[in-house]
Amino acid sequence: MGEQSGGRSSIFPMPVRAGNDYFYPMFILGIETSCDETSASVIKDDLTVLSNIIHSQIEHSRFGGVVPEIASREHSLKIESVVSAALEKAGIRKEEIGLVAATNAPGLIGALLVGLSFAKGLAYSLNIPFVAVNHMDAHVKANFLSYPKLKPPFVVLLVSGGHTLLLHCRENKYELLGRTIDDAAGEALDKAGKMMGIAYPAGREIERISKGGNPDAFPFPRALPEKANLNFSFSGLKTALRNQLYKMSKEEIETRKADLLASYQEAVVDALAKKSALALKKTRCRSLLLSGGVACNGRLRERLKLLLGEKNQLYFPSLEYCTDNGAMIAAAGLMKYKQHGADPLNVGASAVFNLTEVNDGL
Ligand code: KG4
Ligand code: ZN
């Protein structure tokens with residue numbers, strides 16, 4: 001990569017100052033390949049989404065979870081056509097892209113590398129800036145696609161398949177308030193789905209079936225109820241469901257399926273909603289941002305609205321920007337570029353989530 005792989009912002013253009021205004025790229029391409037969605041999106045610099053193409057890999061469902069090798073291979077096969085479709089839907093040529101953003105962490109390494117390498121190659125060939133985006137930061141920034149004028153301070157409840165985090169965001173820096181000490185909320189739902197024969201990822205189907213059930217039918221446990229604690233734990237809940245299923249016949253499980261799932265979903269939602277309300281109280285913050293795949297859940301949104309009351313404001317992205325998508329990567333990429341400038345092309349991928357790196361724009 002020669003001279004382009006040097007230090008931050010080496011030869012890439014920084015925002016240009018003209019009078020009192022900064023000029024940024026007009027079109028931003030966002031690429032997401034951290035797990036089992038190959039996605040590309042073109043947004044404008046006012047955060048208007050022009051296209052958001054998502055290819056969800058169905059190949060994993062029969063394994064009950066994502067198989068890393070299959071994910072990498074599918075991303076490699078689809079990345080070019082997904083990016084082309086995003087450009088076509090947006091009605092632009094690749095030469096009109098002003099900034100390329102791609103997820104580089106956290107996620108499956110092999111999967112991340114596909115999107116990251118593709119994005120770097122595109123940026124290099126077009127001689128335009130490239131920005132590496134943290135997937136969790138992007139989930140938060142998905143809210144800005146619906147509310148472009150949103151400003152910190154706010155508390156974030158980030159609930160995805162791999163992470164459950166409560167964050168306090170002040171002046172564009174995140175502080176960790178709480179996290180799961182075992183399974184993530186989405187993972188807890190997906191594992192319950194597996195026990196009950198629901199295809200991966202199970203969250204959406206559990207929500208659908210739960211609508212016909214009684215959330216109080218089974219008294220599933222709520223972990224870490226102490227008020228001082230903003231962490232979550234869902235592994236005991238998972239065990240409680242397994243123990244309950246052992247006590248029931250196949251027929252009984254089938255007839256009580258809606259009650260079982262509604263009660264299980266309620267236990268997850270209850271923990272998330274109560275700790276979020278507590279986080280607002282502790283931080284004296286008035287705004288809660290919901291994000292990540294589990295933020296699609298209608299029951300969670302409903303419970304949070306009730307619990308937060310009129311005094312607090314609840315924000316959530318529209319459904320298509322809750323689960324993994326390229327538009328949130330483009331939005332987070334643009335915001336990072338405005339704050340920290342471009343990244344060098346030797347930025348690597350990482351499987352782990354590191355909040356300090358997000359705060360430092362690394
Ligand atoms: O954010 P995401 O798309 O991927 C990760 O970054 O992990 O989140 C995926 C998770 C899965 O666990 C899935 O079951 C869950 O989001 N999910 C839902 C719903 N839709 C997706 N959970 C509850 N209710 C839903 N409607
Ligand atoms: Zn995600």
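Chemist: Could you clarify how one ought to interpret the side chain of Glu 266 in this entry?
Modeler: You can see Glu 266 is positioned in helix H8 (residues 257-283). Polar contacts involving the side chain of Glu 266 include one to the side chain of Arg 303, which spans 3.4 Å. Excluding residues within four positions of it along the chain, Glu 266 makes contact with Pro 215, Arg 222, Arg 299 and Arg 303.

Chemist: Even after reading the chapter, I still don't get the pairing of strand S5 (residues 49-56), so can you show me in this structure?
Modeler: Consecutive side chains along a regular strand alternate between the two faces of the sheet. Relative to S5, strand S4 (residues 37-44) runs antiparallel, the two being bridged by seven bridges. Bridge pairing links Glu 37 to Ser 56 in S5.

Chemist: Mind showing me how you'd approach the coordination of the zinc ion (ligand 2) here?
Modeler: Each donor-metal-donor angle in an ideal tetrahedron of four donors is 109.5 degrees, and each such angle in an ideal octahedron of six donors is either 90 or 180 degrees. At 2.0 to 2.1 Å from the zinc ion (ligand 2) lie its protein donor atoms, namely His 135 (NE2), His 139 (NE2) and Asp 324 (OD). Taken together, the four donor atoms coordinating the zinc ion (ligand 2) and their angles of 95 to 132° define a geometry best described as tetrahedral. All donors of the zinc ion (ligand 2) belong to a single chain; written as a sequence motif, their spacing is H-x3-H-x184-D. Separated by four residues within a single helix, His 135 and His 139 lie in helix H3 (residues 135-146), roughly one turn from each other. For the pair His 135 and His 139, one class covers both residues: buried.

Chemist: So what exactly am I meant to see when it comes to the sheet that holds strand S3 (residues 27-32) here?
Modeler: Each strand in a sheet pairs with another by means of backbone hydrogen bonds, the pair being arranged parallel or else antiparallel. Strand order in the open sheet formed by five strands is S5-S4-S3-S6-S7, and the pairing between neighbours is mixed. Each end of this open sheet is capped by a strand with a single partner; those strands are S5 and strand S7 (130-134). Adjacent strand axes in the sheet meet at a mean angle of 20° when their direction is disregarded. When S3 meets strand S6 (residues 99-105), the two strands line up parallel, connected through four bridges. When the bridges of S6 are listed, Leu 29 appears paired with Val 100. Packed on one face of the sheet, helix H1 (residues 68-90) meets S3, S4 and S5 and runs near 25° to S4. Running over the sheet, helix H10 (residues 326-340) touches S3, S4, S5, S6 and S7 and is turned about 125° from S3.

Chemist: Got a minute to help me understand the domain arrangement of the protein chain in this structure?
Modeler: Many authors give the size of an interface as the accessible area that is lost as the parts come together. Structurally, the protein chain comprises domain 1 (16-143 + 322-361) and domain 2 (151-317). Once you take the C-alpha centre of each, domain 1 and domain 2 turn out to be 27 Å apart. On the domain 2 side, the residues contacting the 22 residues of domain 1 number 27 residues. Between domain 1 and domain 2, roughly 1900 Å² of surface is buried when both sides are summed, and carbon and sulfur atoms account for 66% of that area. Looking only at domain 1, the three residues that lose the most surface to domain 2 are Val 140, Asn 143 and Cys 322, adding up to 32% of its buried area. Between the two partners, domain 1 and domain 2, sit zero salt bridges. Looking at the side of domain 1 that touches domain 2, the elements with two or more residues in it are H3 and helix H11 (355-359).

Chemist: Quick question: what am I supposed to make of the site of ligand 1 here?
Modeler: In the vicinity of ligand 1, 20 residues are found, and the nearest of them are Gly 161, Asp 190, Gly 203, Glu 207 and Gly 293. A distance of 3.3 Å is found between an oxygen atom of ligand 1 and a backbone nitrogen or oxygen belonging to Gly 186. At 3.0 Å, a backbone N or O of Gly 203 approaches an oxygen atom of ligand 1. For ligand 1, the accessible surface in isolation is 550 Å², of which the surrounding protein chains cover 90%. Those elements that provide at least two residues to the shell around ligand 1 are H3, helix H4 (185-195) and helix H5 (203-210). Here the residues of the shell around ligand 1 sort into five nonpolar, 11 polar and four charged.

Here is what the cut-offs are and how they apply
Position numbers for residues count from 1 along each chain, tracking the sequence in the order it is written. Here the convention is simple: chains get letters from A, ligands get numbers from 1, in the order in which they are written. A pLDDT threshold of at least 70 governs which residues receive local features in this predicted model, and a stricter bar of 80 or more applies before side-chain atom pairs are shown or counted, although totals over entire chains, interfaces and linings include all residues. For side-chain calculations, the full set of non-hydrogen atoms in the structure is used, while hydrogens and water are omitted. Note on conventions: DSSP H or I runs of at least 4 residues are helices, E runs of at least 2 residues are strands, and numbering of each starts at the N terminus. As used in this structure description, the phrase polar contact means that two N or O atoms lie within 3.5 Å; if the pair is within protein, one of them must be able to donate a hydrogen and the other to accept it, and residues adjacent in sequence are counted only when both atoms belong to side chains. Residue contacts follow a heavy-atom distance rule, with two residues in contact if any of their heavy atoms lie within 4.5 Å. Strands qualify as paired when DSSP identifies two bridges or more between them. As a rule, N, O and S atoms within 2.8 Å of a metal are its donors, except that Na, K and Ca use 3.2 Å; water is not among the atoms, so sites may look incomplete. Tetrahedral means four donors with every angle between 85 and 135 degrees, whereas square planar (four donors) and octahedral (six donors) require angles over 155 degrees between opposite donors and between 65 and 115 for all others; sites fitting neither are termed irregular. A 1.4 Å probe rolled over the protein chains alone gives each residue an accessible area, and that area as a share of the maximum for its type sets the label: buried under 20%, exposed over 50%, partly exposed in between. Convention adopted: a line fitted to C-alpha atoms gives each axis, helices being fitted over their contacting stretch, and angles between N-to-C directions are expressed from 0 to 180 degrees. Boundaries between domains were set according to an automatic or database domain assignment. Here the buried area means the combined drop in accessible surface, using a 1.4 Å probe, for two parts upon being joined, counting both sides. Each salt bridge in this description consists of a side-chain nitrogen of Lys or Arg and a carboxyl oxygen of Asp or Glu lying within 4 Å of one another. One heavy atom within 4 Å of a molecule or strand makes the whole residue count as near it. Surface accessibility follows the Shrake-Rupley procedure with a 1.4 Å probe radius. Residue values consider only the protein chains on display as shielding. Think of it as three bins: nonpolar holds Ala, Val, Leu, Ile, Met, Phe, Trp, Tyr, Cys and Pro, charged holds Asp, Glu, Lys and Arg, and polar takes everything else, Gly as well.

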